[in-house]
Amino acid sequence: MTAVFPASATFSGPRLVAVGGVPVTELAARFGTPLYVLDRAELVGRMRAYRRAFGDEVAVTYAAKALCVTGVLQLAAAEGLHLDVASAGELHTAARAAFPMERVLFHGNNKSDDELEMAARLGVGRIAVDSFTELARLSAVGQRRGHTFPVLLRVTPGVLAETHAFVATGQDDVKFGFTLRAGLAHEAAARALTLPCLELIGAHCHLGSQISAEGGFSAAVALLVGFLADIRDRYGVVLDELNVGGGLGIAYTDDDVTLPLDRYAATLYGAVRRETARRRLPEPRLAVEPGRSIAGPAGVTLYTVGTVKEVPGVRVYASVDGGMSDNLRPALYGARYTVVAAGPGSTTAALRPVTVAGKHCETGDILVRDAPLPADLAEGGLLAVAATGAYGHAMASNYNRLPRPAMVLVDGGRVAELVHRETLDHVVARDVVLNDEQI
Ligand SMILES: Cc1ncc(COP(=O)(O)O)c(C=O)c1O
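Residues numbered from 1 in each chain as written. Predicted model: local features only at pLDDT ≥ 70, side-chain atom pairs only at ≥ 80, totals over all residues. Heavy atoms only, no water.

Asker: Describe the side chain of Asp130, listing the residues and the values that go with them.
Answerer: Assignment of secondary structure puts Asp130 in the loop between strand 8 (126–129) and helix 6 (132–145). Despite being buried, Asp130 has no salt bridge partner; Arg154 is the closest side chain of opposite charge, sitting 4.4 Å away. At 2.7 Å, the side chain of Asp130 and the backbone nitrogen of Gly177 are in polar contact. Ignoring sequence-local partners within four residues, the contact set of Asp130 consists of Gly108, Asn109, Lys111, Arg154, Lys175, Phe176, Gly177 and Phe178. (Helix = DSSP H or I, 4+ residues; strand = E, 2+ residues; numbered from the N terminus. Buried < 20%, exposed > 50% of the residue type's maximum accessible area, 1.4 Å probe, protein only. Lys, Arg positive; Asp, Glu negative; His and termini not counted. Salt bridge = Lys/Arg side-chain N within 4 Å of Asp/Glu carboxyl O. Polar contact = N/O pair within 3.5 Å; in protein donor to acceptor, adjacent residues only side chain to side chain. Contact = heavy atoms within 4.5 Å.)

Next comes the structure, spelled out in structure tokens:
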């Protein structure tokens, strides 16, 4: 149960006492709840583990979509990572974090002209082009600005990853990229090689997210290397970058089986070596794009219990002060999490199944079903949900006009605020009050 919390987490019996050397009661008192707590050692440790596993030759490209916060991007930049952004907002955050733009890769299946102009203005290092319309528009922006864009083609390899349908992206029937099987990727390469102001440098694919089996990764590499070989054979051009996306899964519960980072790296390396040797291609520069497996396990969300309701013979519900507005994944994907009691309290109380519910007006706003929690859990008690660093804050909303939570970085007993808590005034700040004539 405790294995899914950051390594710095300390427990008293089943209760979480501190993260990053900071007592959870102190965090809750100082910053309020819900509170996203990010463990710096776990976050940075994962960035370093990726760099170690892949070596200096591979561009470890942090997928900002998992957790795009200025301070986190500052840490990623300091660790020598590259960065994947997928919107003007993520790119703006990267600029604010002074992220070296030559290490930034811009993704997205519907980038606007404004976003492409912004990429040119900031000198973004690579654009992952997703469609024929984008190829034409990117070339036009380049010509207007006298700027040449280094381009990767987002290739859809036709590999269905074993994961939730909402986060599988490698199959043919998907909105992203150029389908390999239908020959669209080859046609896109031909076009990219002739359009002005585009420099075709490589290919990209992303199979999906929360993947724990290696088969899909090696199958995708084989198809992508085959594609690079076809481009060489047809057009006499050797493309030297191969970005195989992200998607490595993490453990949210003790039951989750994950693919160890070293095995993932060995699988990718092995497949690239085997396939390039078979096709007599020089090995391309490899890039990976992890998001969840860097930010996810570093996060813990603290909540305060408001009400406890027992439906006799059916279930016990403990409702907390957040829910689907700070963590959409359980409602969206049926994602499972681990929750424990936190702060001082009995360490010997019997455990019983308790369903932790959010405070939103949706029956489906359940964070964790039937979790073993102390029988004396009551109003005012703290709960901690593990592995919430990725796609929690990133997908947060103001549903029911809840202000979004603060986020803090903890390390060695010190706390730094990464994101302020929203106030009720922030929540209404963009509303325009109608004047008497408009009512
Ligand atoms: C293109 C691309 N790269 C990388 C990622 C990161 O995936 P993950 O967070 O599963 O590592 C995503 C996520 O969906 C993605 O769409």
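Asker: I'd like a description of the nonpolar core, backed by residues and values.
Answerer: Core analysis: the largest hydrophobic core is formed by 90 residues, its most contacted members being Phe54, Tyr62, Leu153, Phe227 and Tyr264. When we break this core down by domain, the ones giving at least three residues each are domain 1 (2–39 + 296–428) and domain 2 (40–293). Ignoring sequence-local partners within four residues, the contact set of Leu153 consists of Val129, Leu135, Phe178, Ala185, Ala188, Ala189, Leu200, Gly202, Ala203, His204 and Phe227. One finds Phe31, Val300, Val316 and Ala335 within the second-largest nonpolar core, a separate group that totals 42 residues. (Core = buried A, V, L, I, M, F, W, Y, C linked by side-chain atoms within 4.5 Å. Domains from an automatic or database assignment.)

Asker: Lay out the domain arrangement of the chain in plain terms, naming residues and giving numbers.
Answerer: The domain boundaries assigned to the chain delineate domain 1 (2–39 + 296–428) and domain 2 (40–293). Applying the counting rule to domain 1 against domain 2 returns 1 salt bridge. Between Arg336 and Asp255 there is a salt bridge whose closest N-O contact spans 3.5 Å. Put simply, the parts of the chain that give the side of domain 1 that touches domain 2 at least two residues each are strand 4 (35–39), helix 11 (329–333), strand 20 (406–411) and strand 21 (414–419). Looking at the side of domain 1 that touches domain 2 element by element, the count peaks at 4 residues for strand 20. Across the side of domain 1 that touches domain 2, the residue classes break down as 19 nonpolar, 4 polar and 4 charged. (Nonpolar A, V, L, I, M, F, W, Y, C, P; charged D, E, K, R; others polar.)

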